[in-house]
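Here is what each chain is made of, one letter per residue.
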Protein chains: 2
Amino acid sequence: MKVGYLGPSGSFTHNSALKAFPNEELIPFANITEVIKSYEEGLVDYAIVPVENSIEGSVHETSDYLFHQADIKTVIEIIQPIKQQLMATDDQKVIEKIFSHPQAIAQGKKFIKENYPEAKIEVTASTAYAARFVAQHPDKPFAAIAPHAAAKEYGLTVIAKDIQEIEENYTRFWVLGQQSRELDLPRLASKVSLAITLPDNLPGALYKALSVFAWRGIDLTKIESRPLKTVLGEYFFIIDFKNDNDDLVGYALEELTSLGINTKVLGQYNVYRI
Amino acid sequence: MKVGYLGPSGSFTHNSALKAFPNEELIPFANITEVIKSYEEGLVDYAIVPVENSIEGSVHETSDYLFHQADIKTVIEIIQPIKQQLMATDDQKVIEKIFSHPQAIAQGKKFIKENYPEAKIEVTASTAYAARFVAQHPDKPFAAIAPHAAAKEYGLTVIAKDIQEIEENYTRFWVLGQQSRELDLPRLASKVSLAITLPDNLPGALYKALSVFAWRGIDLTKIESRPLKTVLGEYFFIIDFKNDNDDLVGYALEELTSLGINTKVLGQYNVYRI
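In this text, all values refer to a predicted model and were calculated from it rather than measured experimentally.

(A) How the structure looks around the sheet that holds strand β6 (residues 85-88) of chain A. Residue and element names in this part refer to chain A. Spatial ordering of the open sheet is given by β8-β7-β9-β6-β10, a layout of five strands whose pairing is mixed. Two strands in the sheet have a free side with no partner beyond their single neighbour: β8 (120-123) and β10 (157-160). If you compare each strand with its neighbour and ignore which way they point, the axes differ by 35° on average. Of the strand pairs in this sheet, β6 and strand β9 (residues 142-146) are connected by three bridges, and their pairing is antiparallel. Each bridged residue has a counterpart across the sheet, and for Q85 the counterpart in β9 is A146. Along the sheet, helix α4 (residues 102-115) makes contact with β6, β7 (97-100), β8, β9 and β10, crossing β8 at roughly 165°. Here helix α5 (residues 127-136) sits on the sheet in contact with β6, β7 and β9, set at roughly 155° to β9.

Okay, here's the thing in structure tokens:
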């Protein structure tokens, strides 16, 4: 079985893929759209993409593609704590330049200021690219901020552990596929993600949509508006909620439809934690 | 009087600044955080930043900074239609490379494919940078996708007009300042923007917050969740609504507070259209 993921090797998505599918063939793709397309085109059986980070917010490339273009379901969610490591080749005694993705740099800023105040910072497209670049230049005084998996992948040594400033940093990953699988990881919850579009002629439409969930006691875990890409002020909403009772969820979806609210189920999935 | 804006000269923000403050000294800054900081530090009297685009969605750098760090009010909103122009130096007969910001490239993709199928695409940090770069290399077969203002600013000629694919493309700009001013532009509405954080111990808290507006017939024009940057699944919400009656809005804010819902007024402003 083949599983596509947001690469390169050593990325956080790769780590999720390794934990969820330890015995399958994992194939990296260069960006989120290409990961999803690889699944649409049947090149892989599952595809793994990041969907939300607790600090940065939603990954719009994922949610917009799934709403606007794809007819694909999320069958598993994986929550991964994001921990950043400072890494270099073994011989490096001096660090003059530190490479990483802007988010990882922001997370490690305080640590770098205190411990490497003279180091220059260089931005890369991803943390894994930063690690690979540092590994390719073993003679230079370079270091990278990247996940543990990247140190392993590119043979670098972690010289400072868990340098991220905010302890609580998690990313949600979605596994797209035909059907769910049980993973050998702790299961946290069962959830549903919906995209809804509200009719123009229904005053207080969002309020009414939320009341469908509120009076049934269905717990919303997230609501987000995204532009419909038509006119300013027209949105679709992504709503995540806990699924403790399939019947109740079914009735809620029926009621939304009867109100004239358009729904697209993005996924119905178990949530696992690495 | 001094007005800071997201530069460089010829940017869409610059155009908004020129229309709103035609007789004032306009000062460009390199990124959104620096624009807002220039106002915080008293270097300028007003600051203009983009806050939302009808296709790309919210500009998180703006809303996150205003919620998390700043105690600044929005006093004017400006809505500007975004139209993209293909421009080059006068002598260019052949176009082999086209430079622009990724969003403008996405908007012009169809036009380029039909008219310049052989041209290479190069990404720049902003449309105005693309125009400046092309102007600096008059001997090269280069073109830029950028706003009209950039052609004027850097002495380029528009060789194809309004090449954007989706006609309805608007950006909202916020003017930060001490007090409002009347602009010599068509006024569309009066609005309030709130950031609210919901208490943990209030079940269905978002639903209750929305009901404060719904039963008063206050029209929400936008709702968006953004991560609180604490744990995954904790959000603050940005709510925009029409202000047709100051008293009604005052009562709504009081009721939110009495429910234990924390509110921060981001602005109370007139909306003008360029």
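(B) View of the pattern of salt bridges. Across all of its chains, the model carries 20 salt bridges over all chains by this definition. A network of salt bridges, in which partner residues are shared, links E52, E77, R172, K191, K222, E224 and D240 of chain A.

(C) Broad picture of the relation of the copies chain B and chain A. Under the fitted operation, chain B is carried onto chain A by 0.0 Å of movement along the axis and a turn of 180°, and the coordinates agree to an RMSD of 0.0 Å. Here the symmetry operator amounts to a two-fold rotation axis. Of the C-alpha atoms belonging to chain B, the one lying closest to the rotation axis is found on E224 of chain B, 2.7 Å away. Comparing interface residues between copies, 100% of those in chain B also sit at the interface in chain A, which points to an isologous, same-surface contact.

Thresholds, definitions, all that
In this convention, every chain numbers its residues from 1, walking through the sequence in written order. All chains are assigned letters beginning at A, and all ligands numbers beginning at 1, according to the order in which they are written. pLDDT decides what is reported in this predicted model: residues at 70 or higher carry local features, side-chain atom pairs at 80 or more are listed and counted, and totals for whole chains, interfaces and linings draw on all residues regardless. Each side-chain value is derived from all of the structure's non-hydrogen atoms; neither hydrogens nor water enter the calculation. A pair of strands is treated as paired once DSSP finds two or more bridges between them. Where helices and strands are cited, they refer to DSSP runs of H or I of at least four residues and of E of at least two residues respectively, numbered from the N terminus. Angles shown run from 0 to 180 degrees and are taken between the N-to-C directions of axes, each axis being a line fitted to C-alpha atoms and, for helices, limited to the stretch in contact. Working rule for contacts: check all heavy atoms of both residues, and any pair within 4.5 Å makes them a contact. One speaks of a salt bridge when a side-chain nitrogen belonging to Lys or Arg is within 4 Å of a carboxyl oxygen belonging to Asp or Glu. In superposing the copies, a least-squares fit is computed on C-alpha atoms, taking residues whose pLDDT is at least 70 in both.

Keep in mind these numbers describe shape, not what the thing actually does.
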